Amino acid sequence: MSNSANKPAILGGAVLFERGLNLATPDLPPVESFFEGLCSIIDTGVLTKGKFLREFERAVAALAGTKEAVGVSSCTSGLLLVHKCLKIEGEVILPSFTFMASALGIVWNNASPVFVDIDPQTWNVDPAKVEESLTERTGAIIATHVFGNPANVDELWRIAQKAGVPLVFDAAHGFGSRHNGVPVGGSGSCEVFSCSPTKLVICGEGGVVTTNNEELACELRCAREYGNVGNYDLVLPGLNARLPEFNALLGLKGLERLEGVVQRRNYLVGRLKQLLGDLPGVQFQKVLDGERSSYKDLTCRIDAVEFGLSRDEVVQALAAEGIDTRNYYDPPCHKQTYWRTQGRIGPSGLVNTEQLSKSALTLPLSSRLLDADIDNLAEALWRLHKHCSSVKRLLAGRSSQQAGV
Ligand SMILES: Cc1ncc(COP(=O)(O)O)c(C=O)c1O
């Protein structure tokens, strides 16, 4: 692999993925596995609040090892309702290096975000930065298991308990992740998973909150139902955030396959890392010993000096190979139009977040990929590095043409 002399497609070489390589391909169970459930939903006419929701919730709670799991319409609605039910107010500390929706529950509940920095190796929120940002106004802490790499759960819990505030995990990427060998889901005050099409357990759209707090689960069940406990006497301003039966059925079948899916993803990532071996300038997120990432996303960091091309140049050259990529998370939250005007930045600033967001590159990954796809992906990166000077010249020429220079 490392001896490749083939030219990259952007320089006229053969395109490695003629039919394209998508960033994510949903790995759905076979259609036959749904027939019985679909017939039952249609025959009974129970389209919502039925047995598949209950079964899905039971299966998620069993996986997470929690007393409760509450299905909701999305991770975002779950986060909104968790803030409402936990009565979170004031300032909420969270990373800026996360998806924009991590902070939405905060502002929808009239609280304000405090963005803090990440650990430069694990790319998860740095507990020391959380601790130094605590004030008497702090109402909660939110941590994301970024790209499926478990956050520093124990240290964050220690800090939250000492401060007497809730700790909420944005576990959108958490299906398949393990902390100390155990599936994530049972930490903090609660964890909120996403089941949208790019995740490892897919409901179409959907989410689920796991918790050992039975009172919270009970309130969430009321809150996802407008705030109506069932007697049409509204007790809190909730939402319609129900998870319909079709979606719960999808998720239930997806859960049965989760372990195979996450193992395949881990295998493919291992294969890519091995093939890239000593390729200069490509670094991966550190997954600590005893932890398992779901690899909801396979993100690497491109060091422009060592690799010979910047992240943005790599993106253009990979596109010429048919390879779809994303710049997760660039811009990070605090640089986004809306978040720029909201809340504040923690006392130590966001140096690691800003450096990482400029160099992070998310590559395609799916359990459906073949070994050969990974081999070609590695080949694409190797040959770009080998021909980096010519690629750089070509791209510089294009951009001065565009600028009319
Ligand atoms: C970290 C994170 N949080 C929250 C969400 C929102 O999830 P949903 O689309 O289920 O609302 C996402 C979506 O990808 C995410 O990546």
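Before reading further, recall that the structure is shown in the block above.
Read on for an overview of the structure. Since the structure is predicted, the reported quantities are computational estimates derived from the model, not experimental observations. (Residues numbered from 1 in each chain as written. Predicted model: local features only at pLDDT ≥ 70, side-chain atom pairs only at ≥ 80, totals over all residues.)

1. Let's talk about the pairing of strand β4 (residues 138-144)
Thinking step 1. Of all seven residues that make up β4, six are buried, and the element is covered over most of its length.
Thinking step 2. Bridge count between strand β2 (residues 91-95) and β4: three bridges; the pairing is parallel. For glutamate 91, the partnering residue across the bridge sits in β4 and is threonine 138.
Thinking step 3. Two strands pair when backbone bridges link them, and β4 and strand β5 (residues 167-171) are joined in this way by four bridges, in the parallel orientation. Across the sheet, residue threonine 144 finds its bridge partner in β5, namely aspartate 170. (Buried ≥ 20, exposed ≤ 12 C-beta atoms within 10 Å, placed from the backbone. Helix = DSSP H or I, 4+ residues; strand = E, 2+ residues; numbered from the N terminus. Pairing = 2+ DSSP bridges.)

2. Details of the sheet that holds strand β13 (residues 360-363)
By way of backbone hydrogen bonds, the strands of a sheet pair with one another, either parallel or antiparallel.
Thinking step 1. The three strands lie next to each other as β10-β11-β13, forming an open sheet whose pairing is antiparallel. Edge positions in the sheet fall to β10 (282-284) and β13, since each has one partner strand and no second. In this sheet, neighbouring strand axes are inclined to one another by 40° on average, regardless of whether the strands run parallel or antiparallel.
Thinking step 2. With three bridges joining them, β10 and strand β11 (residues 298-302) adopt antiparallel strand pairing. The partner of glutamine 283 across the bridge, within β11, is arginine 301. (Axes fitted to C-alpha atoms, helices over the stretch in contact; angles between N-to-C directions.)

3. Some thoughts on the sheet that holds strand β1 (residues 68-72)
Thinking step 1. The sheet built from eight strands is open, its strands ordered β1-β9-β8-β5-β4-β2-β3-β12 with mixed pairing. Sheet topology places β1 and β12 (344-345) at the edges, where each strand pairs with a single neighbour.
Thinking step 2. Across the sheet, helix α6 (residues 153-163) touches β4 and β5, and the angle it forms with β4 is around 170°. (Contact = placed C-beta atoms within 7 Å.)

4. As for the site of the ligand
Thinking step 1. Lining the immediate surroundings of the ligand are 14 residues, of which Ser74, Cys75, Thr76, Ala172 and Ser194 lie closest.
Thinking step 2. When grouped by side-chain class, the residues that make up the shell around the ligand number four nonpolar, nine polar and one charged. (Near = placed C-beta within 6 Å. Nonpolar A, V, L, I, M, F, W, Y, C, P; charged D, E, K, R; others polar.)

5. Here we look at helix α1 (residues 35-44)
Thinking step 1. Counted residue by residue, α1 has one buried out of ten residues, so it is predominantly exposed.
Thinking step 2. Once α1 finishes, glycine 45 follows within two positions and takes phi at roughly 75°, a positive value.

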